[in-house]
4 protein chains.
Amino acid sequence: MSTTPRKIAFIGLGIMGSPMAANLVKAGHTVTGYNRSRPAIDKLVAAGGKGAGSVAEAVADAEVVITMVPADPQVEEVILGEGGVLENVQPGTLVIDMSSITPQTSIKVATAAKEKGVRTLDAPVSGGEAGAIEAVLSIMVGGAADDFADAKPVLDAMGTTVIHVGPTGAGQTVKAANQLIVAVNIQVVAEAVVFLENAGVDLPAALDVLAGGLAGSTVLNRKKANMVNREFAPGFRIDLHHKDMGIVTAAARAVEAPLPIGSLAAQLVASARANGDGPLDHSALLRGVERLAGREVN
Amino acid sequence: MSTTPRKIAFIGLGIMGSPMAANLVKAGHTVTGYNRSRPAIDKLVAAGGKGAGSVAEAVADAEVVITMVPADPQVEEVILGEGGVLENVQPGTLVIDMSSITPQTSIKVATAAKEKGVRTLDAPVSGGEAGAIEAVLSIMVGGAADDFADAKPVLDAMGTTVIHVGPTGAGQTVKAANQLIVAVNIQVVAEAVVFLENAGVDLPAALDVLAGGLAGSTVLNRKKANMVNREFAPGFRIDLHHKDMGIVTAAARAVEAPLPIGSLAAQLVASARANGDGPLDHSALLRGVERLAGREVN
Amino acid sequence: MSTTPRKIAFIGLGIMGSPMAANLVKAGHTVTGYNRSRPAIDKLVAAGGKGAGSVAEAVADAEVVITMVPADPQVEEVILGEGGVLENVQPGTLVIDMSSITPQTSIKVATAAKEKGVRTLDAPVSGGEAGAIEAVLSIMVGGAADDFADAKPVLDAMGTTVIHVGPTGAGQTVKAANQLIVAVNIQVVAEAVVFLENAGVDLPAALDVLAGGLAGSTVLNRKKANMVNREFAPGFRIDLHHKDMGIVTAAARAVEAPLPIGSLAAQLVASARANGDGPLDHSALLRGVERLAGREVN
Amino acid sequence: MSTTPRKIAFIGLGIMGSPMAANLVKAGHTVTGYNRSRPAIDKLVAAGGKGAGSVAEAVADAEVVITMVPADPQVEEVILGEGGVLENVQPGTLVIDMSSITPQTSIKVATAAKEKGVRTLDAPVSGGEAGAIEAVLSIMVGGAADDFADAKPVLDAMGTTVIHVGPTGAGQTVKAANQLIVAVNIQVVAEAVVFLENAGVDLPAALDVLAGGLAGSTVLNRKKANMVNREFAPGFRIDLHHKDMGIVTAAARAVEAPLPIGSLAAQLVASARANGDGPLDHSALLRGVERLAGREVN
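Thresholds applied
- Residues numbered from 1 in each chain as written.
- Chains lettered and ligands numbered in written order.
- Predicted model: local features only at pLDDT ≥ 70, side-chain atom pairs only at ≥ 80, totals over all residues.
- Heavy atoms only, no water.
- Contact = heavy atoms within 4.5 Å.
- Buried area = accessible area lost by both parts, 1.4 Å probe.
- Salt bridge = Lys/Arg side-chain N within 4 Å of Asp/Glu carboxyl O.
- Polar contact = N/O pair within 3.5 Å; in protein donor to acceptor, adjacent residues only side chain to side chain.
- Helix = DSSP H or I, 4+ residues; strand = E, 2+ residues; numbered from the N terminus.
- Domains from an automatic or database assignment.
- Axes fitted to C-alpha atoms, helices over the stretch in contact; angles between N-to-C directions.
- Parallel < 35°, antiparallel > 145°, perpendicular 65-115°, else oblique.
- Left-handed = near helix turned anticlockwise from the far one by under 90°.
- Buried < 20%, exposed > 50% of the residue type's maximum accessible area, 1.4 Å probe, protein only.
- Pairing = 2+ DSSP bridges.
- Right-handed = clockwise from strand over helix to strand, strands pointing away.

**Student:** For this particular structure, what's the right way to read the interface of chain B and chain A?
**Tutor:** The parts lose accessible area when they come together, and the size of an interface is often stated as this lost area. Chain B puts 62 residues into the contact, and the matching count from chain A is 62 residues. Across the chain B to chain A interface the summed buried area is about 5,100 Å²; carbon plus sulfur atoms make up 77%. The largest share of the area that chain B buries against chain A comes from B:Phe195, B:Leu214 and B:Ile261, three residues that together contribute 16% of it. At the boundary of chain B and chain A, one finds zero salt bridges. Where chain B packs against chain A, one counts 14 residue pairs in polar contact (both at pLDDT 80 or more). Where the side of chain B that touches chain A is concerned, the elements lending two or more residues are strand E8 (137-142), strand E9 (159-166), helix H9 (170-198), helix H10 (203-212), helix H11 (218-229), helix H12 (238-254), helix H13 (260-277) and helix H14 (285-292) of chain B. Sorting elements by how many residues they give to the side of chain B that touches chain A places H9(B) first, with 20 residues.

Below, the structure is given as structure tokens:
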């Protein structure tokens, strides 16, 4: 890929951010990384990037700033807070927040940035750690069309599906919708599994037929084995999905969109977590259905 | 396909049964059809089959009897009733009921048949009219392994995925699970659509991203356009899905399988029907979400 | 109470039927009882009634027949079956079925009875064993106004609130609505209890305030102590409430009435039963909420 | 009532605050009121109170400060904001917030107050405008026992049920639980009403029986006529109940309490509002059930 090399600051070198930043280096960009803990920075340096001792240092002469942090408070702190991105970048800089947060916070950040002449995009991802490492993430981008066009070559280094879905916040909205659908699709497969087992059906055979018809889904394909074998090593943790269900229910409420099924799914995800299943893969929603069915689960 | 030609009676030549029987003729079988209304029989005769004036006549010297009728009462009438299949077939005949009914009725039929030395399979299908015409149905079969082996070459003439999923009733159970998953997958996509629209997102772009990730599903692929364009010509009618949700909720209750999400979906399907959407494609569950959102729907 | 003494046959002398029949004796009626097991008949005889060896014998010269049996199949057997009520009563007899069953079965019974010139009422009760013993039941009656007027003095011997609520089946419909409301009222109090406890609130004080305001209910008054003390001796068993939730969800489906909350409550009642709580009082729905909250329940 | 007269500042003289302040005057207290709009202040002065031109002026020499404002942001502004209560009261002052807000905000306020040596109670009410006028409110109080004892004589001038339910935030938690139960109790009665009507039952007779048994509730008693007559003048507006459902779902999520039924009720309240029913009494949840049932509602 022969894209113009850019000076990129990357804030947040966690499980996702670390391989994403490395892929930017591979694509020829100059990447200066900052992370709260030092080892993550060293890893980026080893991969050919640069390290910074603070957000301020990382963004000092960046053309593009990417943030990839856990949740709304960290986004606010890193971008809007004291010593944060907005205090330290030049007007015209493009700030791409790739964290999964509420659309409301994305809008808040964009508004504050605009006052300083700083451009923003919200660009959350799906595809997990594997997708980040292999640079095959789906990236859903909200913001101005011009800014999206500017960011596209940079984002292409991290994902294969990079789509502009609307104005500021739209990326987060689509990510929220993604998590909504995934949770519900898992939950209904889990309900089907317990139903099929209680009825004495050959489960693997049944799931194969189901996967081949209108009931088929990526969830069914990817999580079928987890459910059949009760193997719930993550994958994507219920703890994180619980956070995301909080985002989608709040965001839907804010725009007066009804989620009769979705809000019930959010309760069941929360219940899974309350039962100690937070660290497991989200396919472990099956365990919640089993509990409702009176089965021993352990 | 060089399978042994069989003498097959086919009872119920409706939208599904008619092309299924025609495909059996094409595969080289001798097919004698019976239907309540005459034109359907004439159509089979035109396709190379034979017509019968009664169930008794149709099954008189059949080796295999296939029934494809609307619901439980018709299955009971046609197989168990006066002048029905059991009264008129020889011991050893294989009766394959391909209707979508409750597992309980399949078991009742099988029990009555066994007393007369008649073998049965429940073998409901998915794939709709198009799948029936093109002989690419999924067929989920419950019953004895021997009987499945005997039926397999016959069923292969009508479908591409023909799978033995367990004992008597298991075919119906899997079909019920299929309809459960489909209804919920449609419903959650509908909730997502209204959420995305209310939030001002570019819907087609968003659905494309969603379809490409873990939220992807056959429902999303096939029904996306229906939802974006509000085009709800069936397809599979809500009226029929309502019948099926009745089957799955009853069957799950009978085996003590919890359906927290599924039972709510059943209510929403019923509500769609109560609002006059029964004749529309099941993707019209979107209209119910729009009503909950306070939109004019017409 | 000076009502005309009647010749009454009472079929079904269980936990409810036994004290109800005894109260009819006390009111001056001639009561001939029949029950499958003998000791219940002996008890009625000891209370001043008569015993019969069969349904036929019990109803032979009865003016009024009362049936009080567990569920739909028993009602059909006792009234419509061989050797049952309809085969053995005179035209003009009034048959009052006080069992809790589906409105559909009440209509089926009434239709069959009418063909023989026999009059029927459906008259299910609420108030439990205590209400039966103290003759303070609520009795909701469906059927013709004339027949209600005829039955009223008889029913008054067993209850304090005896109300004609509509045509055949209406009594059962109201009973079903009663059970629907009760289940949901218990469930929401249970959700509130876990919420209050998790939040560190003084539960008894809180429930006292709640009972005094718009959140107040008979459920809260009567079941508060059960919940605070986790004392779940019945009372009204979850097993029976599960049966009743089956009736109300089926009956609502039949008349196209949506039960979004009600159908979810039915699932939670079923889940309680699947978890072994069937023999407990229905206030034990609290245990299901506790399980969802990840608490040890035992 | 011979209680020690206190110097009370009353901030927020709306529909509820105005009669509450007047009742404090009647009880012999010196009440200085402040409200954003002047006429409310004049009304208090006419009732024997004093008026202030600012929060600062109102609280200047108050021993007790009462706040009664619409929602969390107003509480934060009035108590924590610039020119607000905390900036202007003496250490030792008792601040009683009687607004209905999240427990989280109550805790935030209490924490900030404590740093200045100011004592706080959260003391939301139920009983509506009528209860406020007649001084028969239920008041659920969270905070320290000593502070409750200090406040009790003051609160007794406004309500008849004044109960200490736990530490800071507990008052709000109980209020939230109250609104949860009320919403669900209304919703299930609404579901029962449509079911009874669709089944052809005599609705007023049926509701009378239901009210007399275990299904009885304050909701049924008070809202029965609204539902039968479709008279939905508030009363308590759906708009406000929607706000409260937001509080209870958030608060329950924060303490990991599952609300399977409650969260669905929250969706239905939100849907009522999205359908334009926000200004109606919350018994108008019936209209939502009617819409689900396919009825014309207008």
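**Student:** Explain the domain arrangement of chain A here, please?
**Tutor:** Residue and element names in this part refer to chain A. Domain boundaries assigned for chain A yield domain 1 (7-167) and domain 2 (173-292). Taken over C-alpha atoms, the centre of domain 1 sits 29 Å from the centre of domain 2. Listed per partner, the contact involves 12 residues of domain 1 and nine residues of domain 2. Ranking the residues of domain 1 by area buried against domain 2 places Ser100, Pro103 and Met140 at the top, with a combined share of 45%. For the pair domain 1 and domain 2, the number of links is zero salt bridges. Summed over the shared surface of domain 1 and domain 2, the result is four residue pairs in polar contact (both at pLDDT 80 or more).

**Student:** Whenever I open this one, the packing of helix H9 (residues 170-198) of chain D against helix H14 (residues 285-292) of chain D confuses me. Can you help?
**Tutor:** Between two packed helices, the angle of one axis relative to the other and the distance separating the axes together describe the packing. Residues and elements named next belong to chain D. In the contact formed by H9 and H14, the axes pass within 8 Å of each other and the chain directions differ by 45 degrees. Comparing the axis directions of H9 and H14 gives the class oblique. For the pair H9 and H14, the sense of crossing is right-handed. Between H9 and H14, the contacting residues are Ala183, Ile186, Gln187, Ala190, Glu191, Val193 and Val194 on the first element and Leu285, Leu286, Val289 and Glu290 on the second.

**Student:** What exactly am I supposed to notice about helix H14 (residues 285-292) of chain C here?
**Tutor:** One turn of an α-helix holds 3.6 residues; hence residues three or four places apart share an orientation. Residues and elements named next belong to chain C. In terms of burial, H14 is a largely internal element, seven of the eight residues being buried. For H14, the complete set of buried residues consists of Leu285, Leu286, Arg287, Val289, Glu290, Arg291 and Leu292. Downstream of H14 by a residue or two, Gly294 has a phi angle that is positive, lying close to 80 degrees.

**Student:** So what exactly am I meant to see when it comes to the pairing of strand E5 (residues 94-97) of chain A here?
**Tutor:** Put simply, side chains in a regular strand alternate between the two faces of the sheet. Residue and element names in this part refer to chain A. The side-chain alternation of E5 yields two buried faces, one formed by Leu94 and Ile96 and the other by Val95 and Asp97. Pairing between strand E4 (residues 64-67) and E5: four bridges, direction parallel. For Thr67, the partnering residue across the bridge sits in E5 and is Asp97. Regarding the hand of the β-α-β motif, the stretch spanning E5, helix H6 (residues 103-115) and strand E6 (residues 119-122) is right-handed.

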